[in-house]
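# Examination of the molecular architecture
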Amino acid sequence: MKTYDLVGIGNAVVDVITQTDDNFLANMGIEKGIMQLIEQDRGEVLYGAMNERVQTPGGSVANTIAGAGALGLETAFIGRVRNDALGEFYASAMADHGIDFVNPPVADGETPTSRSMIFVTPDGERSMNTYLGISTGLSSADVSADVAGNAKMMFLEGYLFDQDAGKTAFREAARATTAGGGMAGIAISDPFCVERHRADFLSLIKNDLGYVIGNEAELKSLFETDDFEAALSKTADICPIVVATRSGKGVSLIKDGTRVDVPVKAVTPVDATGAGDQFAAGFLFGLAKGYDLEVCGRMGNLCAGEVISHIGPRPQRDMREAFKNEGLL
């Protein structure tokens, strides 16, 4: 059985990107600059209205896994796609990136593969319209105990915690990884997700996870406080490794009670999509390779800085070279 450095479980979403103008957004009733969840019918209308589509495999944790794989980790991704055109594209595109997409496309059911229709206007704003489709149906049946049990690190996507079957799958996957000698963790993903499932989130973090990654708003939401320092401290009380991304303020990391704050160079973003995902890729690469917390944080910051310098959620530079240039490798 293959051993993986990093296995991710998350939404398998095809990003479908096109360039357009503000008039188009207004005519189609698309709210500018935000991500909206849409239903299947609306998704088909928007998909049909797109000219010169560019398709890429997306999803938050999938983007992290792709970034970590590009850095040299052995990676796998667990997610649900249908055996439709977009699902087959997603599975083969992940394989082309060197990521083992361990679940074959699902043949049964009417629910299509998840897709996010992304309209980019000349000012660089991305207006995202996401139909979650089949990926939200992820359950324990989709998570191979062999894959989870042979992962040195497991990375879970908070968005999937919205479904009861997803919660169960996460707990079982985390426990299988831990039982196999690995470490599981989560990207909190969204403060509203925490609002809906706070007790379950806290239970998972306290009982089954070795690390948690979140931004200021997400950590505050966990403990219903406006005090970032209090939220960080309380999270560290229940989890060995806590990573708090703070945009322009850098990142705060705590491991077994020891805290490191790593500043970030100010960059004007061309496209902020994927900054958190690629931060996680750099950080998890460092953690997997046994680097100290500050180096892991610096690796994460470099990856985030790279991805916001261009359109699209995945790195375009060789980040190993960037690490070497900064003396990190």
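It should be noted that the structure appears before, not after, this text.
Residues numbered from 1 in each chain as written. Predicted model: local features only at pLDDT ≥ 70, side-chain atom pairs only at ≥ 80, totals over all residues. Heavy atoms only, no water.

## Considerations on the side chain of Asn63
Note the cut-off: Segments assigned H or I by DSSP are reported as helices when at least four residues long, segments assigned E as strands when at least two residues long, and all are numbered from the N terminus. Working rule for contacts: check all heavy atoms of both residues, and any pair within 4.5 Å makes them a contact.
Within the secondary structure, Asn63 is located in helix H3 (residues 60-70). If near-sequence neighbours (up to four positions away) are discounted, Asn63 is found in contact with Pro57, Gly58, Asp277, Gln278, Pro313 and Arg314.

## A closer look at the pattern of salt bridges
We count it as follows: We count a salt bridge whenever a side-chain nitrogen from Lys or Arg sits within 4 Å of a carboxyl oxygen from Asp or Glu. Using a 1.4 Å probe on the protein chains alone, a residue whose accessible area is under 20% of its type maximum counts as buried, one over 50% counts as exposed, and one in between counts as partly exposed.
Counting across every chain of the model gives 18 salt bridges. Of the charged contacts in the structure, one is a salt bridge between Glu74 and Lys2, with a shortest N-O distance of 3.3 Å. One end of the pair, Glu74, is in the loop between H3 and strand S5 (75-78); the other, Lys2, is in the segment before strand S1 (6-9), with 72 residues separating them in the sequence. Note that Asp261 and Arg259 form a salt bridge whose closest N and O atoms lie 3.1 Å from each other. Asp261 gets classed as partly exposed once you look at its relative accessible area, which sits at 46%.

## Side note on the side chain of Asp190
Where we set the bar: By the counting rule applied here, Lys and Arg register as positive and Asp and Glu as negative, while His and the ends of each chain are not counted. Any pair of N or O atoms that falls within 3.5 Å is considered a polar contact. Within protein, one atom must be able to donate a hydrogen and the other to accept it, and sequence-neighbouring residues count only if both atoms are side-chain atoms.
Relative to the helices and strands, Asp190 resides in the loop between strand S10 (183-187) and helix H7 (191-208). No salt bridge is formed by the buried Asp190, whose closest oppositely charged neighbour, Arg196, lies at an N-O distance of 5.3 Å. Within the structure, the side chain of Asp190 is placed 2.6 Å from the backbone nitrogen of Phe192, a separation counted as a polar contact.

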